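Listed below, chain by chain, are the residues.
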Amino acid sequence: MTGTPRTLAEELRTRTDSGLVGLLRARPDLLNPVPGDVTQLATRAGTRASVVRAVERLDRFVLQAAEALAVAPDPCPYATLDALMGGDAGDDAVAAELPRAVAELRAQALVWGPDDRLRLVRTARELLSPSATHPSPTGLGPTVAEATAGMSPTRLQEIIAAVGLPATHDPVSAVAALTALFTDRTRMAELLDTAPAESVAVLDRLLWGPPYGAVTERPAPHLTWLLDRGLLLPAGARNVVLPREAALHLRGGRAHRSPEPMPPPLAPATERDPQLVDNAAASQAFTALATVEELLKEWDLGGPSVLRAGGLSVRDLKRTAVALDTSEQLAAFWLELAYAAGLVASDGEADERYATTPAAEEWLELPDHERWAVLAAGWLSATRTPGVVGTADAKGRALAALGPHLDRSPAPEVRRRALALLGSLPPGTSVPPTAVLSRLRWERPLRGAGTAQSAGPTAATTGEGPGAASSPADDLRSRLAQWALADAELLGVTGRGALSAHGRALIDAATASAHPTTAETRAAANRAASLLAPLLPEPLDHVLLQADLTAVAPGPLRRPLAEALGVLADIESKGGATVYRFTPGSVRRALDAGRSAAELQEFLTTHSRTPVPQPLAYLIEDVARKHGRLRIGAAAAYVRCDDDALLSEILADRRAIALRLRRLAPTVLAAQTSPDQLLDGLRSMGYAPAAESAEGDVLIARADSYRTAPRTAPAPVPDGPPSPDPTLLDAAVRAIRAGDLAATAERKPVHAPAPASGALPRTTSAETLATMQAAVLTSSAVWIGYVNADGAASQRVIAPVRVEGGFVTAYDHTSDEVRTYPLHRITGVAELADDSV
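Please read all numbers here as calculations on a predicted model, not as lab measurements.

## Notes on the overall build of the protein
Next, step 1: Looking only at helices and strands, the protein has 34 helices and 27 strands in total.
Next, step 2: The C-alpha atoms of the protein give a radius of gyration of 39 Å, which is well past the 28 Å a tight globule of 837 residues would have.
Next, step 3: With respect to the principal axes defined by its C-alpha atoms, the protein has extents near 125 × 90 × 55 Å.
Next, step 4: Taking all 837 residues of the protein together, 47% fall into the buried category.
Next, step 5: Pairs at least 24 apart in sequence give 66% of the contacts found in the protein among residues at least 6 apart.
Next, step 6: Counting every atom, the protein has about 39,100 Å² of accessible surface; 53% of that belongs to carbon and sulfur.
Next, step 7: Where the 83 positive side-chain charges of the protein centre and where its 97 negative ones centre are 3 Å apart.

Given below as structure tokens:
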């Protein structure tokens, strides 16, 4: 196509295939469904929803360029745009970056036309242009022509006379003359030199926006001076506005107070030894594994109930926080982390409650670094955001941990981008979180905040300055970034604020693809885990027994040893070293689990680097000697003992009254309580009974774990359409080109006049058959109208290969495949003026 394109569709037709691929990759919403031709593509690219999404993904400088085009004449020469961005004095940084901004707007089909006639697409102009209900981020108001629309001709002539211009014959020329004055730097400066100081102060207050102000019925003289000369124009009954041309003169031609051509630097930077960072991150990664393991152990027999509306109650969240020795907000993070990894879920029963999943058992058997990879992969791609737990939803209800409505679809993108920014720094280097947030806000200034900057203009009096803008730190994207940085530290992806070596491996998939697949994320997590493995502490197979009935584990213990010691002793304190304390109750718990005194002594001797202290040996022997002398079974319940004197002692004890015991035989007592209650009652009295089976064997007390049915991890909520792969992009471009050929190819009539543009060709059955047979003989392409079985009509360009049996077999240029069409479904056929396709 030659000449200047008149529409966006015409410009898109001139783009190369790679140019269309770039557009579809940047705006994947245009692909659903694949446009039938370039005209449909251009129409869809101009819809409000698609434009809003595209504008939200612009960086701050590209967005500023679009905002400047929205307040510039349409079409706008490049030189005019450069002047609006850099001002009358010019700005080298702006001039250097403006070509990139224009190229980006062109690539995303938000701007079209040559450099001397740049056009912002109509929807984007409506979105970014200032109006009474939607102020522009530039702070500019309407033009003189817009502000004077509807003003009486007499009033216009009065303004013209007040500024010293000759009278005109019509309002149009009057507006043009006033506009020319306001855009003439020399004449405008001379006019303002005569302004009272109070009038100049009013203009200064309205200069950078909002440009609206309120006046009384009898304005002060300095306001009257501005109103008489059109420097303030009516914007309602009591409101006035500073015209755009006047504001630009006062600003020195700049559309923005502070153009930001370059992103804010990631500073100040703090450099540390990368090995110290890796070690700190590995230490926190190990703590994360221990915390999740503690959570699974806490819910091993079944977790708390699920609320009717879904999620965990506040009371149960507090209990979980106490069990994990952390705050409620951090407890919510660990819960959501385990949930994202598929380790906990609801059981789905009628009396629904949370529990660990079968996958948790497999996870516990993995090496530490592989367990971390599972958690990291789940966290990196999760859209559920524990940071919002406790806040109110749209209906004022508090959001619960593990409950609904916690998904925030931008979370994975923000998380990956925040880590990628840390990854752009040298190893071991950290920056304050505020620096990362500033960079993210520059990259996506509107993302998560919407395109509307405010609900409407601030109609303050002209004696007041503009209202303070809302803090950008309150938007969703900033909060997501803050949570991402905090979570990365908790999970051990970062250490001391710097990205670790295994953290850099983790974000490889994020930097290689804007939307990495689940498989790519897991592969990156596995690579990161291999780097983390040497940094994690090696599990120990020994403890240090002490004379005060405690055992010290100087590091993490191997899983079988930790489980066995957890039964024999109570954990007294955690940290770098774990302290276990032996008590009569803990030793009895081990005996109830089926261990004998000799086995306990052998276990301690084998796994202790110090000799078994005598007090501990005496404690085990003393509890074992008493253990099982009393036997309890189901009668309702009974107690039997070979020592009838001991039974008499129990009967005489007033504390046994609640057990309602009576002697059945010299060595047997019957009780009116259950065996469990009888066991607990006698133990509270200081005895050490053992439960027995119906055959008289001692029952081993081993708790049964509770698991849900197999559950999959929650699927992330996508943030818009997925990024298309190269195969889909190539096929879509071919389909658009073929459809465009069918819609725009020049046709010549057969025996009927050419159909109107966009209409299906109409020929008789005989004419259709004859034209098809002729096309087979000449190997030429034809244009047909076709109606499928569902009644959907389309137009296609085909090259017939064979005609027989009421069907035509042809190569379809529109779908790029060989297809067979019933002749009775072809509405008509026309030859192409140019058979080359």
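## So, the pattern of salt bridges
Next, step 1: Taken as a whole and assessed by the stated rule, the structure comprises 31 salt bridges.
Next, step 2: One salt bridge in this structure joins Arg319 and Asp316, with 3.4 Å as the shortest N-O distance. Of the two residues, Arg319 and Asp316 both sit in helix H17 (residues 314-324), three residues apart, roughly one turn of that helix.
Next, step 3: Look at Arg319 and you get exposed, because its relative accessible area is 52%.
Next, step 4: Among the ionic pairs, Arg417 bridges to Glu443, the shortest N-O distance being 2.6 Å. Highlighted residues: Arg417 in helix H21 (residues 411-423) and Glu443 in helix H22 (residues 433-443), separated in sequence by 26 residues.
Next, step 5: Using a relative accessible area of 30% as the deciding quantity, one classes Arg417 as partly exposed.

## A closer look at the packing of helix H16 (residues 274-298) against helix H19 (residues 358-365)
Next, step 1: Two elements in contact, H16 and H19, have axes whose closest approach is 12 Å; the angle formed by their N-to-C orientations is 140°. When the axis of H16 is compared with that of H19, the two are oblique. The chirality of how H16 crosses H19 is left-handed. On H19, the residues touching Leu289, Val292, Glu293 and Leu296 of H16 are Ala360, Trp363 and Leu364.
Next, step 2: A class-by-class count of the residues in the contact of H16 with H19 yields six nonpolar, no polar and one charged.

## What about the nonpolar core?
Next, step 1: Leu24, Leu81, Leu105, Phe182 and Leu232 are the most contacted members of the largest nonpolar core, which has 90 residues in total.
Next, step 2: In terms of residue count, helix H5 (residues 60-71) provides more of this core than any other element does, nine residues in total.
Next, step 3: Leu337, Leu440, Leu490 and Leu499 belong to the second-largest nonpolar core, a separate cluster that totals 70 residues.

## Let's talk about unusual backbone geometry
Next, step 1: Cis geometry marks the peptide bond from Gly209 to Pro210; its omega dihedral reads -5°.
Next, step 2: One can find Pro210 in the loop between helix H13 (197-206) and strand E3 (212-214).
Next, step 3: Pro268 follows Ala267 through a cis peptide bond whose omega is 0°.
Next, step 4: Tracing the backbone shows Pro268 in the loop between helix H15 (244-250) and strand E6 (270-271).
Next, step 5: Despite not being glycine, Ala109 shows a phi value in the positive range, around 60°.
Next, step 6: By relative accessible area, Ala109 is classed as buried at 0%.
Next, step 7: The backbone of Leu402 sits at a positive phi, close to 65°, despite the residue not being glycine.
Next, step 8: Here Leu402 is to be found in the loop between helix H20 (368-381) and H21.
Next, step 9: Assessed through its relative accessible area of 7%, Leu402 is described here as buried.

## Looking at the pairing of strand E25 (residues 807-812)
Next, step 1: Examined bridge by bridge, strand E24 (residues 793-804) and E25 share six bridges and lie antiparallel to one another. The partner of Ala799 across the bridge, within E25, is Tyr811.
Next, step 2: The turn linking E24 back onto E25 is made up of two residues, and Gly805 within it adopts a positive phi angle of 60°.
Next, step 3: Direction of pairing for E25 relative to strand E26 (residues 817-822): antiparallel, over a ladder of six bridges. Residue pairing for E26: Ala810 is matched across the bridge by Arg819.

## Things to note about empty space enclosed by the protein
Next, step 1: On inspection of all chains with the given rule, the structure shows three cavities of 30 Å³ or more.
Next, step 2: If you add up the space inside the largest cavity, you get close to 140 Å³.
Next, step 3: Forming the walls of the largest cavity are 16 residues, and the residues nearest its centre are Trp379, Arg384, Pro386, Arg415 and Asp487.
Next, step 4: For the lining of the largest cavity, the per-class residue count stands at ten nonpolar, two polar and four charged.

## Quick look at the sheet that holds strand E15 (residues 570-573)
Next, step 1: The strand order across the open sheet formed by four strands is E13-E14-E16-E15, and the pairing between neighbours is antiparallel. The open sheet has two free edges, formed respectively by strand E13 (544-546) and E15, since each of these has just one partner strand. With direction set aside, neighbouring strand axes in the sheet form an average angle of 30°.
Next, step 2: Pairing of E13 with strand E14 (residues 550-553) involves three bridges; the strand directions are antiparallel. Bridged to Leu545 within E14 is Ala551.

## Section: the confidence of the model for the protein
Next, step 1: Of the residues in the protein, 91% have a pLDDT of 70 or more, and the chain-wide mean is 85.
Next, step 2: Every residue in residues 750-757 scores below 50 in pLDDT, and together they form ten contacts with partners more than four places removed in sequence or on other chains.

## Overview of the pairing of strand E19 (residues 662-665)
Next, step 1: In this sheet, strand E20 (residues 668-671) lies alongside E19 in antiparallel orientation, the contact comprising three bridges. Bridged to Arg662 within E20 is Ala670.
Next, step 2: Connecting E19 to the antiparallel partner E20 that follows it, the hairpin turn spans two residues.

## Considerations on the packing of H5 against helix H6 (residues 78-86)
Next, step 1: Relative orientation of the contacting elements H5 and H6 amounts to 115°, with a least axis distance of 10 Å. The interaxial crossing formed by H5 with H6 has right-handed handedness. Contacts between H5 and H6 involve Phe61, Gln64, Ala65, Ala68 and Leu69 from the former and Leu81, Leu84 and Met85 from the latter.
Next, step 2: Grouping the constituent residues of the contact of H5 with H6 by class yields seven nonpolar, one polar and no charged.

## So, helix H26 (residues 518-532)
Note on helix geometry: an α-helix contains 3.6 residues per turn, so any two residues three or four positions apart are oriented the same way.
Next, step 1: The first and last C-alpha atoms of H26 sit 21 Å apart over 15 residues, in line with the 21 Å expected at 1.5 Å per residue.
Next, step 2: The complete set of buried residues in H26 reads Thr521, Ala524, Ala525, Ala528, Ala529 and Leu532. In a view along the axis of H26, the buried residues occupy a sector of 145°, so they form one face of it.

Calculation criteria
Residues numbered from 1 in each chain as written. Predicted model: local features only at pLDDT ≥ 70, side-chain atom pairs only at ≥ 80, totals over all residues. Heavy atoms only, no water. Helix = DSSP H or I, 4+ residues; strand = E, 2+ residues; numbered from the N terminus. Rg over C-alpha atoms; globule rule 2.2 N^0.38 Å. Buried < 20%, exposed > 50% of the residue type's maximum accessible area, 1.4 Å probe, protein only. Contact = heavy atoms within 4.5 Å. Areas by Shrake-Rupley, 256 points an atom, 1.4 Å probe, with all protein chains shown as cover. Lys, Arg positive; Asp, Glu negative; His and termini not counted. Charge placed at Lys NZ, Arg CZ, Asp CG, Glu CD. Salt bridge = Lys/Arg side-chain N within 4 Å of Asp/Glu carboxyl O. Axes fitted to C-alpha atoms, helices over the stretch in contact; angles between N-to-C directions. Parallel < 35°, antiparallel > 145°, perpendicular 65-115°, else oblique. Left-handed = near helix turned anticlockwise from the far one by under 90°. Nonpolar A, V, L, I, M, F, W, Y, C, P; charged D, E, K, R; others polar. Core = buried A, V, L, I, M, F, W, Y, C linked by side-chain atoms within 4.5 Å. Pairing = 2+ DSSP bridges. 1 Å grid on protein atoms, 1.4 Å probe; cavity = no way out; pocket = protein on both sides within 12 Å on 5 of 7 lines; lining within 4 Å. Points joined across faces, edges and corners; volume = space filled by probe spheres on them. pLDDT = per-residue confidence, 0-100. Expected span 1.5 Å × (residues − 1). Arc of directions from axis to C-beta.

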